[in-house]
Amino acid sequence: MSTTDPEHRTIIEPFKVKVMEPLPFRTRAERERILAEAGNNLFLVPAREVTFDFLTDSGTTAMSAAQWAAMMVADESYAGSRSFEKFEAVVQRVTGFTHVIPTHQGRAAERLLFSTLVKPGHFVPSNNHFDTTRANLEQLGATAVDLVIAEGKDPTSRHPFKGNIDLPRLEAFCREHAGRIPLGMITITNNTGGGQPVSLANLRGAAEIYRRHGIPFVIDACRFAENAWFVKVREEGQLERAPREIAREVFELADACLVSAKKDGMVNIGGFIATRRAEWLPALRSLLILTEGFPTYGGLAARDLEALAIGLEESLDERYLEYRVAVSRYMAEGLERRGVPVMQPPGGHAVYIDARRFLPHIPPAELPAQALTCELYLALGVRACEIGTVMFGDKASMELVRLAFPRRVYTQAHFDYILEGIEGVVARKAELRGLRIVEEPPFLRHFTARFAPVS
Ligand code: F0G
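Residues numbered from 1 in each chain as written. Predicted model: local features only at pLDDT ≥ 70, side-chain atom pairs only at ≥ 80, totals over all residues. Heavy atoms only, no water.

Asker: Whenever I open this one, the sheet that holds strand β9 (residues 350-354) confuses me. Can you help?
Answerer: Where strands meet in a sheet, backbone hydrogen bonds hold them as pairs that are either parallel or antiparallel. Taken in spatial order, the three strands make up an open sheet running β9-β12-β11, and their pairing is antiparallel. Strands with a single pairing partner mark the edges of an open sheet, and in this sheet they are β9 and β11 (385-387). Adjacent strand axes in the sheet meet at a mean angle of 30° when their direction is disregarded. Judged from the three bridges that link them, β11 and strand β12 (residues 400-404) form a sheet pairing that is antiparallel. Among the inter-strand pairings, Ile387 is bridged to a residue of β12, identified as Leu400. Contacts from helix α12 (residues 318-337) reach β9 and β12 within the one sheet, and its direction differs from that of β9 by about 20°. Helix α14 (residues 368-380) rests against β9, β11 and β12 of the sheet, and its axis sits at about 40° to β12. (Pairing = 2+ DSSP bridges. Helix = DSSP H or I, 4+ residues; strand = E, 2+ residues; numbered from the N terminus. Axes fitted to C-alpha atoms, helices over the stretch in contact; angles between N-to-C directions. Contact = heavy atoms within 4.5 Å.)

Asker: What is the right way to look at the domain arrangement of the protein in this model?
Answerer: Many authors give the size of an interface as the accessible area that is lost as the parts come together. As far as domains go, the protein holds domain 1 (28-57 + 317-453) and domain 2 (65-314). Each of domain 1 and domain 2 has a C-alpha centre, and these two points are 28 Å apart. Each partner contributes residues to the interface: domain 1 has 23 residues there, and domain 2 has 30 residues. For the pair domain 1 and domain 2, the summed buried area comes to about 2,200 Å², and 54% of that belongs to carbon and sulfur atoms. Looking at the side of domain 1 facing domain 2, the largest losses of area belong to Leu321, Gln344 and Pro345, adding up to 24% of the total buried there. Between Glu226 and Arg407 there is a salt bridge whose closest N-O contact spans 3.0 Å. Inspection of the region where domain 1 meets domain 2 yields 16 residue pairs in polar contact (both at pLDDT 80 or more). (Domains from an automatic or database assignment. Buried area = accessible area lost by both parts, 1.4 Å probe. Salt bridge = Lys/Arg side-chain N within 4 Å of Asp/Glu carboxyl O. Polar contact = N/O pair within 3.5 Å; in protein donor to acceptor, adjacent residues only side chain to side chain.)

Asker: Whenever I open this one, the sheet that holds strand β7 (residues 256-260) confuses me. Can you help?
Answerer: Strand order in the open sheet made by the five strands is β2-β8-β7-β6-β5, with mixed pairing throughout. One side of each edge strand has no neighbouring strand; the edge strands of this open sheet are β2 (99-103) and β5 (184-187). Neighbour to neighbour, the strand axes of the sheet diverge by 15° on average, direction disregarded. Pairing of β5 with strand β6 (residues 217-220), which is carried by four bridges, proceeds in the parallel orientation. The partner of Thr187 across the bridge, within β6, is Asp220. Running at roughly 170° to β5, helix α7 (residues 200-212) makes contact with β5 and β6 of the sheet.

Asker: Please clarify how the packing of helix α4 (residues 106-117) against helix α10 (residues 281-291) should be interpreted in this entry.
Answerer: Relative orientation and spacing of two packed helices are given, respectively, by the angle between their axes and the distance between those axes. It is at 9 Å that the axes of α4 and α10 come closest, and there the two elements cross at 130°. One way to sum up the angle between α4 and α10 is to call them oblique. Pair α4 / α10 crosses with right-handed handedness. Contacts between α4 and α10 involve Arg111, Leu112, Leu113, Ser115 and Thr116 from the first element and Ala283, Leu284, Leu287, Leu288 and Thr291 from the second. (Parallel < 35°, antiparallel > 145°, perpendicular 65-115°, else oblique. Left-handed = near helix turned anticlockwise from the far one by under 90°.)

Asker: Help me out: how do you make sense of the packing of helix α3 (residues 82-95) against helix α9 (residues 243-252) in this one?
Answerer: The geometry of α3 relative to α9 is characterised by a closest axis approach of 7 Å and an angle of 90° between their N-to-C directions. Judged on the interaxial angle alone, α9 and α3 are roughly perpendicular. Contacts between α3 and α9 pair Gln92, Arg93, Val94 and Thr95 from the former with Arg244, Arg248, Phe251 and Glu252 from the latter. Here the contact of α3 with α9 is composed, by residue class, of two nonpolar, two polar and four charged. (Nonpolar A, V, L, I, M, F, W, Y, C, P; charged D, E, K, R; others polar.)

Asker: Explanation requested: α9 in the structure shown.
Answerer: In an α-helix, one full turn covers 3.6 residues, which means residues spaced three or four apart are oriented alike. For α9, the complete set of buried residues consists of Pro243, Ile246, Ala247, Glu249, Val250 and Phe251. Buried residues belonging to α9 abut α3, α7, β6, α8 (224-234), β7 and α12. (Buried < 20%, exposed > 50% of the residue type's maximum accessible area, 1.4 Å probe, protein only.)

Asker: Would you mind showing me how to read the site of the ligand here?
Answerer: The environment of the ligand is formed by 17 residues, the closest being Thr56, Arg107, Asn191, Ser260 and Lys263. A distance of 2.8 Å separates an oxygen atom of the ligand from a polar atom in the side chain of Arg402. In terms of residues, the shell around the ligand owes the most to one element, α4, which gives three residues. For the shell around the ligand, the residue count by class is two nonpolar, eight polar and seven charged. (Near = heavy atom within 4 Å.)

What follows is the structure, encoded as C-alpha coordinates:
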(Lines give C-alpha, C1' and ligand atoms only; values in the text may rest on other atoms or scores of the structure.)
Protein backbone atom coordinates (compact mmCIF):
# COMPACT_ATOMS: atom_id res chain seq x y z
CA MET A 1 0.00 0.00 0.00
CA SER A 2 1.26 3.42 -0.90
CA THR A 3 1.72 5.95 1.92
CA THR A 4 1.90 8.93 -0.42
CA ASP A 5 -1.18 7.85 -2.42
CA PRO A 6 -3.58 5.87 -0.16
CA GLU A 7 -6.13 5.41 -2.98
CA HIS A 8 -3.75 3.12 -4.86
CA ARG A 9 -1.98 -0.13 -4.23
CA THR A 10 0.46 0.25 -7.12
CA ILE A 11 3.51 2.37 -6.47
CA ILE A 12 4.43 3.93 -9.82
CA GLU A 13 7.56 5.54 -11.22
CA PRO A 14 6.91 9.17 -10.16
CA PHE A 15 8.25 10.62 -13.42
CA LYS A 16 7.74 10.53 -17.16
CA VAL A 17 10.53 9.91 -19.64
CA LYS A 18 11.91 12.82 -21.63
CA VAL A 19 15.19 11.49 -22.98
CA MET A 20 15.46 7.80 -23.76
CA GLU A 21 18.31 5.45 -24.49
CA PRO A 22 17.56 2.27 -26.47
CA LEU A 23 18.25 -1.01 -24.70
CA PRO A 24 20.76 -3.29 -26.39
CA PHE A 25 19.28 -6.73 -27.21
CA ARG A 26 21.30 -9.86 -27.95
CA THR A 27 20.33 -13.48 -28.48
CA ARG A 28 21.43 -16.14 -26.05
CA ALA A 29 23.85 -17.47 -28.70
CA GLU A 30 25.41 -14.02 -29.09
CA ARG A 31 25.73 -13.66 -25.33
CA GLU A 32 27.40 -17.06 -25.08
CA ARG A 33 30.12 -15.87 -27.45
CA ILE A 34 30.45 -12.47 -25.68
CA LEU A 35 30.73 -14.07 -22.23
CA ALA A 36 33.28 -16.64 -23.40
CA GLU A 37 35.41 -13.81 -24.84
CA ALA A 38 35.12 -11.99 -21.48
CA GLY A 39 36.39 -15.05 -19.61
CA ASN A 40 33.02 -15.45 -17.85
CA ASN A 41 33.61 -12.17 -15.99
CA LEU A 42 30.83 -9.57 -16.34
CA PHE A 43 33.26 -6.75 -15.54
CA LEU A 44 34.94 -7.58 -18.87
CA VAL A 45 31.71 -7.49 -20.89
CA PRO A 46 31.24 -4.17 -22.74
CA ALA A 47 28.15 -2.24 -21.58
CA ARG A 48 26.85 -2.21 -25.18
CA GLU A 49 26.26 -5.96 -24.84
CA VAL A 50 24.26 -5.64 -21.59
CA THR A 51 20.47 -5.21 -21.64
CA PHE A 52 19.89 -4.55 -17.91
CA ASP A 53 22.90 -3.20 -16.06
CA PHE A 54 22.65 -3.84 -12.32
CA LEU A 55 26.38 -3.76 -11.61
CA THR A 56 25.99 -0.70 -9.40
CA ASP A 57 23.65 2.10 -8.35
CA SER A 58 26.67 4.42 -8.23
CA GLY A 59 26.88 7.17 -10.85
CA THR A 60 24.23 5.42 -12.96
CA THR A 61 21.30 7.70 -12.05
CA ALA A 62 19.10 9.26 -14.73
CA MET A 63 19.23 12.99 -14.07
CA SER A 64 16.12 15.16 -14.19
CA ALA A 65 15.27 17.87 -16.68
CA ALA A 66 15.87 20.39 -13.86
CA GLN A 67 19.38 19.02 -13.31
CA TRP A 68 20.28 19.15 -17.00
CA ALA A 69 18.88 22.66 -17.27
CA ALA A 70 20.89 23.85 -14.25
CA MET A 71 24.06 22.51 -15.84
CA MET A 72 23.64 25.01 -18.67
CA VAL A 73 23.61 28.00 -16.34
CA ALA A 74 26.62 26.85 -14.32
CA ASP A 75 29.30 29.38 -13.51
CA GLU A 76 32.62 27.77 -14.42
CA SER A 77 34.78 30.39 -12.67
CA TYR A 78 37.90 28.94 -11.12
CA ALA A 79 37.37 30.70 -7.80
CA GLY A 80 34.20 31.72 -5.96
CA SER A 81 31.79 30.28 -8.52
CA ARG A 82 28.08 31.04 -8.15
CA SER A 83 27.40 27.31 -8.63
CA PHE A 84 29.50 26.51 -5.57
CA GLU A 85 27.46 28.96 -3.51
CA LYS A 86 24.27 27.23 -4.62
CA PHE A 87 25.69 23.76 -3.88
CA GLU A 88 27.07 24.86 -0.51
CA ALA A 89 23.73 26.33 0.55
CA VAL A 90 21.88 23.12 -0.30
CA VAL A 91 24.36 20.93 1.59
CA GLN A 92 24.12 23.30 4.57
CA ARG A 93 20.33 23.18 4.46
CA VAL A 94 20.10 19.39 4.10
CA THR A 95 22.82 18.48 6.62
CA GLY A 96 23.04 21.46 8.97
CA PHE A 97 26.84 21.33 8.65
CA THR A 98 28.54 24.70 8.20
CA HIS A 99 31.59 23.75 6.16
CA VAL A 100 31.33 22.07 2.78
CA ILE A 101 34.22 20.61 0.81
CA PRO A 102 33.52 19.30 -2.70
CA THR A 103 35.45 16.28 -3.99
CA HIS A 104 35.31 14.36 -7.25
CA GLN A 105 33.77 11.29 -5.58
CA GLY A 106 33.33 9.52 -2.26
CA ARG A 107 36.74 7.90 -1.96
CA ALA A 108 38.45 11.27 -2.46
CA ALA A 109 36.48 12.62 0.51
CA GLU A 110 37.60 9.59 2.52
CA ARG A 111 41.23 10.04 1.59
CA LEU A 112 41.19 13.75 2.47
CA LEU A 113 39.57 13.36 5.86
CA PHE A 114 41.47 10.24 6.88
CA SER A 115 44.86 11.62 5.76
CA THR A 116 44.39 14.57 8.09
CA LEU A 117 43.17 12.59 11.15
CA VAL A 118 44.39 9.00 11.02
CA LYS A 119 47.83 7.71 12.03
CA PRO A 120 49.43 4.25 11.96
CA GLY A 121 48.22 2.12 14.87
CA HIS A 122 44.82 3.84 15.00
CA PHE A 123 41.48 1.99 15.03
CA VAL A 124 38.29 3.14 13.28
CA PRO A 125 35.02 1.38 14.16
CA SER A 126 31.89 1.33 11.98
CA ASN A 127 28.87 -0.91 11.41
CA ASN A 128 30.56 -2.09 8.20
CA HIS A 129 33.22 -0.18 6.33
CA PHE A 130 32.69 0.00 2.59
CA ASP A 131 35.71 -1.36 0.60
CA THR A 132 37.09 2.10 -0.16
CA THR A 133 36.84 3.42 3.40
CA ARG A 134 38.52 0.27 4.65
CA ALA A 135 41.26 0.49 2.00
CA ASN A 136 41.86 4.20 2.64
CA LEU A 137 42.21 3.54 6.40
CA GLU A 138 44.47 0.52 5.93
CA GLN A 139 46.61 2.49 3.51
CA LEU A 140 47.35 4.86 6.43
CA GLY A 141 48.31 1.99 8.74
CA ALA A 142 45.03 2.01 10.69
CA THR A 143 42.67 -0.89 11.39
CA ALA A 144 39.08 -0.67 10.14
CA VAL A 145 36.77 -2.61 12.45
CA ASP A 146 33.23 -3.79 11.66
CA LEU A 147 30.79 -3.91 14.60
CA VAL A 148 27.43 -4.54 12.90
CA ILE A 149 24.79 -6.34 15.02
CA ALA A 150 24.64 -10.16 14.73
CA GLU A 151 21.34 -10.01 12.78
CA GLY A 152 23.18 -7.99 10.11
CA LYS A 153 25.24 -11.06 9.26
CA ASP A 154 22.32 -13.46 9.05
CA PRO A 155 20.73 -13.41 5.55
CA THR A 156 17.47 -14.86 6.90
CA SER A 157 16.99 -12.44 9.82
CA ARG A 158 14.06 -10.04 9.29
CA HIS A 159 15.35 -7.39 11.70
CA PRO A 160 14.10 -4.00 10.37
CA PHE A 161 17.47 -2.27 10.94
CA LYS A 162 20.11 -4.82 10.07
CA GLY A 163 22.60 -2.02 9.51
CA ASN A 164 22.66 -1.13 13.24
CA ILE A 165 25.99 -1.03 15.03
CA ASP A 166 26.31 -3.25 18.10
CA LEU A 167 26.25 -0.59 20.85
CA PRO A 168 27.58 -2.71 23.78
CA ARG A 169 30.46 -3.88 21.57
CA LEU A 170 31.10 -0.30 20.45
CA GLU A 171 31.22 0.85 24.07
CA ALA A 172 33.68 -1.93 24.97
CA PHE A 173 35.74 -1.21 21.84
CA CYS A 174 36.03 2.52 22.66
CA ARG A 175 37.20 1.65 26.18
CA GLU A 176 39.70 -0.94 25.01
CA HIS A 177 41.30 1.32 22.39
CA ALA A 178 40.99 4.64 24.25
CA GLY A 179 43.31 7.28 22.81
CA ARG A 180 43.79 5.39 19.54
CA ILE A 181 40.42 6.09 17.86
CA PRO A 182 40.69 9.32 15.81
CA LEU A 183 37.10 9.02 14.54
CA GLY A 184 34.16 6.66 14.73
CA MET A 185 31.91 5.92 11.77
CA ILE A 186 28.55 4.51 10.68
CA THR A 187 27.58 3.78 7.06
CA ILE A 188 23.98 4.64 6.07
CA THR A 189 22.59 2.57 4.53
CA ASN A 190 25.01 -0.25 5.25
CA ASN A 191 26.11 -1.18 1.72
CA THR A 192 28.50 -3.98 2.66
CA GLY A 193 25.83 -5.50 4.87
CA GLY A 194 23.25 -5.53 2.06
CA GLY A 195 22.06 -1.90 1.84
CA GLN A 196 20.44 -2.30 5.26
CA PRO A 197 19.26 0.78 7.18
CA VAL A 198 20.39 2.06 10.57
CA SER A 199 17.69 3.22 13.01
CA LEU A 200 17.57 6.68 14.49
CA ALA A 201 17.73 5.14 17.96
CA ASN A 202 20.92 3.31 17.03
CA LEU A 203 22.46 6.44 15.52
CA ARG A 204 21.60 8.36 18.69
CA GLY A 205 23.15 5.60 20.78
CA ALA A 206 26.36 5.54 18.74
CA ALA A 207 26.60 9.34 18.81
CA GLU A 208 26.27 9.28 22.60
CA ILE A 209 29.03 6.67 22.98
CA TYR A 210 31.38 8.51 20.62
CA ARG A 211 30.68 11.82 22.41
CA ARG A 212 31.31 10.35 25.84
CA HIS A 213 34.66 9.00 24.66
CA GLY A 214 35.60 12.26 22.92
CA ILE A 215 35.64 10.58 19.49
CA PRO A 216 34.44 12.58 16.47
CA PHE A 217 31.46 10.89 14.78
CA VAL A 218 31.61 10.70 10.98
CA ILE A 219 28.74 9.33 8.90
CA ASP A 220 29.38 7.67 5.53
CA ALA A 221 26.14 9.08 4.17
CA CYS A 222 25.99 8.10 0.46
CA ARG A 223 22.48 6.70 0.87
CA PHE A 224 21.23 9.05 3.60
CA ALA A 225 17.85 9.68 1.91
CA GLU A 226 17.05 5.97 1.53
CA ASN A 227 18.02 5.51 5.18
CA ALA A 228 15.69 8.36 6.20
CA TRP A 229 12.83 6.69 4.34
CA PHE A 230 13.40 3.39 6.15
CA VAL A 231 13.42 5.24 9.49
CA LYS A 232 10.15 6.91 8.56
CA VAL A 233 8.31 3.71 7.65
CA ARG A 234 9.94 1.19 10.00
CA GLU A 235 10.80 3.01 13.23
CA GLU A 236 8.19 3.64 15.87
CA GLY A 237 6.95 7.20 16.07
CA GLN A 238 8.60 8.35 12.80
CA LEU A 239 5.84 7.84 10.21
CA GLU A 240 4.53 11.40 10.35
CA ARG A 241 7.93 12.99 9.83
CA ALA A 242 9.33 14.10 6.48
CA PRO A 243 12.48 12.27 5.27
CA ARG A 244 14.17 15.67 5.15
CA GLU A 245 13.53 16.23 8.85
CA ILE A 246 14.79 12.75 9.75
CA ALA A 247 17.90 13.16 7.60
CA ARG A 248 18.61 16.50 9.24
CA GLU A 249 18.35 14.98 12.71
CA VAL A 250 20.76 12.20 11.69
CA PHE A 251 23.36 14.69 10.45
CA GLU A 252 22.95 16.76 13.62
CA LEU A 253 24.12 13.76 15.66
CA ALA A 254 27.47 13.76 13.86
CA ASP A 255 30.58 15.92 13.55
CA ALA A 256 30.92 15.33 9.82
CA CYS A 257 29.74 13.30 6.87
CA LEU A 258 31.52 11.75 3.92
CA VAL A 259 29.32 11.53 0.85
CA SER A 260 29.67 9.84 -2.50
CA ALA A 261 27.08 11.92 -4.34
CA LYS A 262 26.90 9.24 -7.05
CA LYS A 263 24.17 7.59 -4.98
CA ASP A 264 21.53 9.76 -3.26
CA GLY A 265 23.12 12.91 -4.71
CA MET A 266 21.49 11.74 -7.98
CA VAL A 267 24.50 12.62 -10.12
CA ASN A 268 26.94 10.72 -12.29
CA ILE A 269 30.01 12.05 -10.52
CA GLY A 270 30.69 13.98 -7.32
CA GLY A 271 31.14 13.85 -3.59
CA PHE A 272 31.76 16.00 -0.56
CA ILE A 273 32.78 16.32 3.07
CA ALA A 274 30.55 18.44 5.29
CA THR A 275 31.43 19.22 8.89
CA ARG A 276 30.89 21.53 11.84
CA ARG A 277 34.56 21.15 12.91
CA ALA A 278 36.18 24.41 11.82
CA GLU A 279 39.52 23.23 13.22
CA TRP A 280 39.71 20.50 10.56
CA LEU A 281 39.42 22.95 7.69
CA PRO A 282 42.94 24.30 7.18
CA ALA A 283 44.44 20.81 6.74
CA LEU A 284 41.53 19.61 4.63
CA ARG A 285 41.62 22.64 2.35
CA SER A 286 45.41 22.43 1.85
CA LEU A 287 45.18 18.81 0.83
CA LEU A 288 42.14 19.57 -1.30
CA ILE A 289 44.06 22.22 -3.23
CA LEU A 290 47.05 19.93 -3.55
CA THR A 291 45.19 16.91 -4.90
CA GLU A 292 41.64 17.78 -5.99
CA GLY A 293 41.25 21.45 -6.83
CA PHE A 294 40.40 24.90 -5.52
CA PRO A 295 37.97 24.79 -2.52
CA THR A 296 35.06 26.06 -4.62
CA TYR A 297 35.14 23.19 -7.13
CA GLY A 298 37.25 20.37 -5.62
CA GLY A 299 37.79 18.23 -8.70
CA LEU A 300 34.37 18.85 -10.23
CA ALA A 301 33.07 21.12 -12.97
CA ALA A 302 30.66 23.79 -11.74
CA ARG A 303 27.96 22.08 -13.83
CA ASP A 304 28.41 18.98 -11.64
CA LEU A 305 27.85 21.13 -8.54
CA GLU A 306 24.67 22.55 -10.10
CA ALA A 307 23.31 19.06 -10.82
CA LEU A 308 24.20 17.93 -7.32
CA ALA A 309 22.52 20.91 -5.66
CA ILE A 310 19.27 19.85 -7.29
CA GLY A 311 19.82 16.09 -6.92
CA LEU A 312 20.22 16.29 -3.15
CA GLU A 313 16.79 17.89 -2.89
CA GLU A 314 15.16 15.50 -5.36
CA SER A 315 16.39 12.47 -3.43
CA LEU A 316 14.40 13.60 -0.37
CA ASP A 317 11.09 13.73 -2.24
CA GLU A 318 8.64 11.32 -0.58
CA ARG A 319 7.11 9.97 -3.76
CA TYR A 320 10.53 9.33 -5.17
CA LEU A 321 11.74 7.55 -2.01
CA GLU A 322 8.63 5.43 -1.75
CA TYR A 323 9.12 4.32 -5.36
CA ARG A 324 12.84 3.86 -4.84
CA VAL A 325 12.60 1.35 -2.01
CA ALA A 326 9.60 -0.30 -3.69
CA VAL A 327 11.91 -1.35 -6.54
CA SER A 328 14.11 -3.59 -4.43
CA ARG A 329 11.13 -4.87 -2.43
CA TYR A 330 9.27 -5.73 -5.66
CA MET A 331 12.27 -7.59 -7.03
CA ALA A 332 12.97 -9.38 -3.77
CA GLU A 333 9.36 -10.56 -3.46
CA GLY A 334 9.21 -11.55 -7.13
CA LEU A 335 12.42 -13.55 -6.92
CA GLU A 336 11.43 -15.33 -3.71
CA ARG A 337 8.01 -16.20 -5.15
CA ARG A 338 9.75 -17.88 -8.08
CA GLY A 339 12.09 -19.89 -5.88
CA VAL A 340 15.15 -17.63 -5.82
CA PRO A 341 16.26 -17.01 -2.20
CA VAL A 342 17.30 -13.43 -1.45
CA MET A 343 18.68 -11.67 1.60
CA GLN A 344 15.78 -10.42 3.76
CA PRO A 345 14.50 -7.84 4.20
CA PRO A 346 15.70 -6.24 0.95
CA GLY A 347 17.89 -3.14 1.31
CA GLY A 348 17.37 0.24 -0.31
CA HIS A 349 19.48 0.07 -3.43
CA ALA A 350 19.94 -3.59 -4.17
CA VAL A 351 18.75 -7.16 -3.86
CA TYR A 352 21.20 -9.90 -2.92
CA ILE A 353 20.53 -13.42 -4.19
CA ASP A 354 21.79 -16.16 -1.87
CA ALA A 355 23.58 -18.32 -4.44
CA ARG A 356 24.63 -20.93 -1.90
CA ARG A 357 21.00 -21.71 -1.14
CA PHE A 358 19.92 -21.40 -4.78
CA LEU A 359 22.66 -23.65 -6.17
CA PRO A 360 23.41 -26.10 -3.32
CA HIS A 361 24.98 -28.55 -5.79
CA ILE A 362 27.84 -26.11 -6.51
CA PRO A 363 30.34 -25.93 -3.61
CA PRO A 364 31.84 -22.49 -2.73
CA ALA A 365 35.19 -23.57 -4.21
CA GLU A 366 33.42 -23.81 -7.59
CA LEU A 367 32.14 -20.21 -7.28
CA PRO A 368 28.33 -20.59 -7.28
CA ALA A 369 27.66 -16.83 -7.17
CA GLN A 370 29.96 -16.21 -10.15
CA ALA A 371 28.24 -19.07 -12.01
CA LEU A 372 24.88 -17.42 -11.31
CA THR A 373 26.02 -14.00 -12.60
CA CYS A 374 26.98 -15.76 -15.83
CA GLU A 375 23.61 -17.49 -16.14
CA LEU A 376 21.70 -14.24 -15.43
CA TYR A 377 23.59 -12.66 -18.30
CA LEU A 378 23.14 -15.58 -20.70
CA ALA A 379 19.44 -15.97 -19.95
CA LEU A 380 18.40 -12.34 -19.58
CA GLY A 381 21.18 -9.94 -20.53
CA VAL A 382 21.34 -8.89 -16.85
CA ARG A 383 24.68 -7.77 -15.45
CA ALA A 384 25.07 -8.36 -11.70
CA CYS A 385 28.00 -8.51 -9.33
CA GLU A 386 29.41 -11.49 -7.45
CA ILE A 387 30.00 -10.87 -3.75
CA GLY A 388 31.47 -14.11 -2.52
CA THR A 389 34.54 -16.29 -2.97
CA VAL A 390 35.71 -14.49 -6.12
CA MET A 391 35.68 -11.14 -4.32
CA PHE A 392 36.85 -12.21 -0.85
CA GLY A 393 38.62 -15.57 -1.36
CA ASP A 394 38.59 -17.85 1.70
CA LYS A 395 37.28 -14.97 3.84
CA ALA A 396 33.88 -15.01 2.09
CA SER A 397 31.14 -15.89 4.56
CA MET A 398 28.35 -15.86 1.95
CA GLU A 399 27.94 -16.45 -1.77
CA LEU A 400 25.85 -13.51 -2.94
CA VAL A 401 24.87 -11.98 -6.26
CA ARG A 402 24.07 -8.27 -6.00
CA LEU A 403 21.52 -6.69 -8.30
CA ALA A 404 22.00 -2.95 -7.64
CA PHE A 405 19.36 -0.73 -9.17
CA PRO A 406 20.25 2.54 -10.90
CA ARG A 407 17.96 5.37 -9.83
CA ARG A 408 15.07 6.33 -12.15
CA VAL A 409 16.44 4.23 -15.02
CA TYR A 410 14.43 1.01 -15.39
CA THR A 411 10.63 0.64 -15.22
CA GLN A 412 8.36 -1.94 -13.69
CA ALA A 413 7.89 -3.58 -17.11
CA HIS A 414 11.64 -4.18 -17.21
CA PHE A 415 11.51 -5.81 -13.80
CA ASP A 416 8.50 -7.94 -14.79
CA TYR A 417 10.35 -9.08 -17.91
CA ILE A 418 13.34 -10.11 -15.80
CA LEU A 419 11.17 -11.95 -13.26
CA GLU A 420 9.45 -13.80 -16.11
CA GLY A 421 12.85 -14.87 -17.47
CA ILE A 422 14.04 -15.96 -14.03
CA GLU A 423 11.53 -18.80 -14.19
CA GLY A 424 13.65 -20.40 -16.93
CA VAL A 425 16.79 -20.01 -14.81
CA VAL A 426 15.03 -21.69 -11.88
CA ALA A 427 13.83 -24.55 -14.13
CA ARG A 428 17.39 -25.16 -15.42
CA LYS A 429 19.28 -24.56 -12.19
CA ALA A 430 20.29 -28.20 -11.68
CA GLU A 431 22.16 -28.01 -15.01
CA LEU A 432 24.26 -25.01 -13.95
CA ARG A 433 27.91 -25.87 -13.39
CA GLY A 434 30.58 -24.25 -11.26
CA LEU A 435 33.57 -22.28 -12.47
CA ARG A 436 37.29 -22.29 -11.83
CA ILE A 437 39.72 -19.40 -12.08
CA VAL A 438 42.10 -19.67 -15.03
CA GLU A 439 43.79 -16.26 -14.73
CA GLU A 440 43.92 -13.79 -11.84
CA PRO A 441 45.77 -10.62 -10.85
CA PRO A 442 47.44 -10.27 -7.42
CA PHE A 443 44.88 -7.73 -6.05
CA LEU A 444 41.13 -7.12 -6.43
CA ARG A 445 40.83 -10.15 -8.64
CA HIS A 446 37.09 -9.90 -9.22
CA PHE A 447 37.57 -7.04 -11.70
CA THR A 448 39.85 -8.84 -14.15
CA ALA A 449 40.05 -12.57 -13.37
CA ARG A 450 39.02 -15.04 -16.09
CA PHE A 451 36.99 -18.18 -15.44
CA ALA A 452 36.22 -21.47 -17.16
CA PRO A 453 33.54 -24.06 -16.42
CA VAL A 454 34.69 -26.92 -14.19
CA SER A 455 34.98 -30.09 -16.22
N1 F0G B 1 30.88 4.49 0.78
C2 F0G B 1 29.90 3.65 0.40
C3 F0G B 1 28.93 3.14 1.42
C4 F0G B 1 29.79 3.25 -0.95
O5 F0G B 1 28.81 2.43 -1.31
C6 F0G B 1 30.73 3.75 -1.89
C7 F0G B 1 30.69 3.33 -3.28
C8 F0G B 1 31.74 4.63 -1.44
C9 F0G B 1 31.77 4.99 -0.09
C10 F0G B 1 32.78 5.19 -2.36
O11 F0G B 1 32.26 6.16 -3.18
O12 F0G B 1 32.57 5.25 -5.50
O13 F0G B 1 32.12 7.68 -5.08
O14 F0G B 1 34.30 6.72 -4.50
N15 F0G B 1 29.98 2.35 -3.69
C16 F0G B 1 29.82 1.89 -5.08
C17 F0G B 1 29.02 0.62 -5.11
C18 F0G B 1 31.09 1.79 -5.85
O19 F0G B 1 28.88 0.04 -6.22
O20 F0G B 1 28.50 0.18 -4.09
P21 F0G B 1 32.85 6.47 -4.65
